[in-house]
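Observations on chain architecture
So the chains spell out like this:
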Amino acid sequence: MPRQVYDRGIISIRIEKLTKRFGAVTALHDLDLTIDPGELFFLLGPSGCGKTTLLRSLAGFYIPEEGNIYFGEENVSRLEPHKRNTGMMFQSYALWPHMSVAENVAFGLQERKVSKEEIKRRVGEALESVRMESYAERRPNQLSGGQQQRVALARALVIRPRCLLLDEPLSNLDAKLRLEMRTEIRRVCKEFKLTTVYVTHDQKEALSISDRMAILDGGNILQVGTPRDVYKKPTCKTVAHFIGETDFLEGSITGMYGNMATVETGIGRFDGVLGDPSRPPALNSKVTLSIRPECWELSHERHAERNSVHGRIGEFVYLGEVAQYELVVRDTSLKVFERNPRFVDGANRGEIFASVDPEDVVVLVD
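Residues numbered from 1 in each chain as written. Predicted model: local features only at pLDDT ≥ 70, side-chain atom pairs only at ≥ 80, totals over all residues. Heavy atoms only, no water.

**Some words on the overall build of the protein chain**
Scanning the protein chain for helices and strands turns up 9 helices and 20 strands. The principal-axis extent of the C-alpha atoms belonging to the protein chain is close to 75 × 50 × 35 Å. The buried share among the 366 residues of the protein chain stands at 53%. Contacts in the protein chain between residues far apart in sequence, at least 24 positions, make up 68% of those at least 6 positions apart. Carbon and sulfur atoms form 49% of the exposed surface of the protein chain, whose accessible area is close to 17,000 Å². Computed over 49 positive and 51 negative side-chain charges, the separation of the two mean positions in the protein chain equals 5 Å. (Helix = DSSP H or I, 4+ residues; strand = E, 2+ residues; numbered from the N terminus. Buried < 20%, exposed > 50% of the residue type's maximum accessible area, 1.4 Å probe, protein only. Contact = heavy atoms within 4.5 Å. Areas by Shrake-Rupley, 256 points an atom, 1.4 Å probe, with all protein chains shown as cover. Lys, Arg positive; Asp, Glu negative; His and termini not counted. Charge placed at Lys NZ, Arg CZ, Asp CG, Glu CD.)

**Some details on the pairing of strand β1 (residues 13-22)**
Summarising the sheet, β1 and strand β4 (residues 66-71) pair through 5 bridges and their orientation is antiparallel. The residue of β4 that forms the bridge with Glu16 is Asn68. Two strands pair when backbone bridges link them, and β1 and strand β2 (residues 25-35) are joined in this way by 7 bridges, in the antiparallel orientation. For Leu18, the partnering residue across the bridge sits in β2 and is Leu31. In sequence, β1 turns back onto β2 through a hairpin of 2 residues, with Gly23 there showing a positive phi of about 65°. (Pairing = 2+ DSSP bridges.)

**Points about the pairing of strand β19 (residues 351-355)**
When you tally the buried positions in β19, you get 4 out of 5 residues, the bulk of the element. Across 3 bridges, the pairing between strand β15 (residues 297-299) and β19 is antiparallel. Of the residues in β19, the one forming a bridge with Ser299 is Phe353. Bridge count for strand β16 (residues 308-318) against β19 is 5 bridges, and the pairing is antiparallel. Pairing of Val309 across the sheet is with Ala354, part of β19.

**Notes on helix α5 (residues 145-158)**
Compared with the 20 Å implied by 1.5 Å per residue over 14 residues, the 20 Å span of α5 between its first and last C-alpha is a close match. Judged by how many residues are buried, α5 sits mostly within the fold: 13 of 14 residues are covered. A positive backbone phi angle near 55° is found at Arg160, which sits one or two residues after α5. (Expected span 1.5 Å × (residues − 1).)

**Focus on the side chain of Thr53**
Along the chain, Thr53 turns up in helix α1 (residues 51-59). Apart from residues lying up to four places away in sequence, Thr53 is in contact with Lys20, Phe22, Ala27, Leu28 and Tyr62.

**What about the packing of helix α3 (residues 101-111) against helix α4 (residues 116-129)?**
The axes of two packed helices give the description: the angle between them and the distance between them. Remark: α3 packs on α4, axes separated minimally by 10 Å, with the N-to-C direction vectors making an angle of 125°. Looking at the two axes, α3 sits oblique to α4. For the element pair α3 and α4, the recorded crossing hand is right-handed. Within the contact between the two elements, α3 uses Val101, Ala102, Val105, Ala106, Leu109 and Gln110 and α4 uses Ile119, Arg122, Val123, Ala126 and Leu127. For the contact of α3 with α4, a count of residues per class yields 9 nonpolar, 1 polar and 1 charged. (Axes fitted to C-alpha atoms, helices over the stretch in contact; angles between N-to-C directions. Parallel < 35°, antiparallel > 145°, perpendicular 65-115°, else oblique. Left-handed = near helix turned anticlockwise from the far one by under 90°. Nonpolar A, V, L, I, M, F, W, Y, C, P; charged D, E, K, R; others polar.)

**With respect to the pattern of salt bridges**
Applying the stated rule across the entire model yields 25 salt bridges. A salt bridge links Glu65 to Lys20; its shortest N-O distance comes to 3.4 Å. Placement of Glu65 in the loop between α1 and β4 and of Lys20 in strand β1 is noted, with a sequence separation of 45 residues between them. Across the pair Arg342 and Glu338 runs a salt bridge whose closest N-O atoms are separated by 3.6 Å. On the basis of relative accessible area, Glu338 is assigned to the buried category, the value being 9%. (Salt bridge = Lys/Arg side-chain N within 4 Å of Asp/Glu carboxyl O.)

**Regarding the sheet that holds strand β9 (residues 212-217)**
Overall, mixed pairing links the 6 strands, which are arranged β6-β7-β8-β3-β9-β10 in an open sheet. Edge positions in the open sheet fall to β6 (86-89) and β10 (220-225), since each of these has one partner strand only. Averaged over all pairs of adjacent strands, the angle between their axes in this sheet comes to 20°, without regard to strand direction. Taken together, the 4 bridges between strand β3 (residues 40-44) and strand β8 (residues 195-199) define a ladder with parallel strand orientation. Note on β8: the bridge partner recorded for Leu40 is Thr196. Helix-sheet contacts for α5 involve β6 and β7 (163-167), and the interaxial angle to β6 is about 165°.

**Brief notes about the confidence of the model for the protein chain**
This prediction gives the protein chain a mean pLDDT of 90; 96% of its residues lie at or above 70. Averaged pLDDT values for the elements of the protein chain fall to 85 in helix α6 (residues 175-191) and rise to 98 in strand β14 (residues 286-291). Counted against residues more than four places away or in other chains, residues 1-7, with its pLDDT under 50, gives 23 contacts. (pLDDT = per-residue confidence, 0-100.)

Right, here's the structure in full:
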C-alpha cells in the first residue's frame, strides 16, 4: 500500500444559487447542490446541459455572475484557480511529450516551489498510488492510453488537492480500458478519501462507480440521488429518457392512494409509484408511465388484470444471456429484455402476456 498522500481534511463542496452566463446565454440557472466529504459525485446530462460549465466554475476557470461556491467553510467563488488547490483531469491527458513520467508528475510541485527532496518523495508516492512507479523514466509516447491516464491521475494527486475534478477523463480510451480505469479511479478516490466531482456523458460509467449523481438539463439540476434511486425512480420524463432505456406509456389518473396511483393507458390499466411524490397529480390528469424493459415478465398466462398486457413478439435480438424483444400490444411497441431467454425459439414465440410489478411502474407528471 502506498503511504498516505494527503494531509488535508476532507472537505464538502456547497453550491448556493449559482448562475453563470455567457452573453445572452445562461449556462447555469440558480443552482443549489451539496457534495459530501469524500464523495464520488457525478454530473451527467446531454451536450450543452451545463455540466462542464459547473465543473470549470468549481475549478475557478469561470467566475459566476451570481451565487457562491464553498470548499468546506471557505467561500472560493472568486478565488483564482491556483489558490483553490484542486486537482484537474481533462479529456486529453495533457502530458508534456518531452518530459519523463516523473517529470510530468513533478511539474505542479515545481511550480509551487516545493523542495527537491519533497518532490522526489511525493512523486514516488503518487506514482505508486496509481501503480506506475516502474514507468517513472519513460516518456508519454512509450505508454498506452490507460497508462497515460494513470500518469495524469498521479499528476492531479501529487499536489494534495482539496478536491479532484474530472472532465470526461476516460472518453479517449477503448471500452476495455474504460472499464479498468473506472475501477482504478474509484479505488484511488476512496483510498485517499478525496471529494471528487466527475463529469461524463457515459451512463454506465456513472451508474457503476458513483456514490451519487446529478442530472442536468438546460443549466438546471433535474434530480440528485444514488445511482439506484435515479435509475429506478426518475422524477421526470427527461431523466427517465436519459438514464438507461425505458418504455413510455401515456395515460390518465383514475385513482390515488398515498404515493401510488392507478393509470388508464391505451393498452391497459396500471398501478404505479409516483416519481416525484412532492408533485402529486390530480384525478383525470394526464401522466406518463416509465417502465424499464428488464422489469417486464413474460408468460403464456395472464396473472392479473392490472399491470399485464397481451401481445406478440415482433423483432428480437438474441445476445446469449439476454434477449431484447419488440413486444407488439395493439398499436404500441414495447421494449422487453429477458434474461436467460426462453421466448426466442418458434415454439415459444406465439402470443404472450407481459406483466410488471407496480413498484417498477413510475408515474411521471408531464
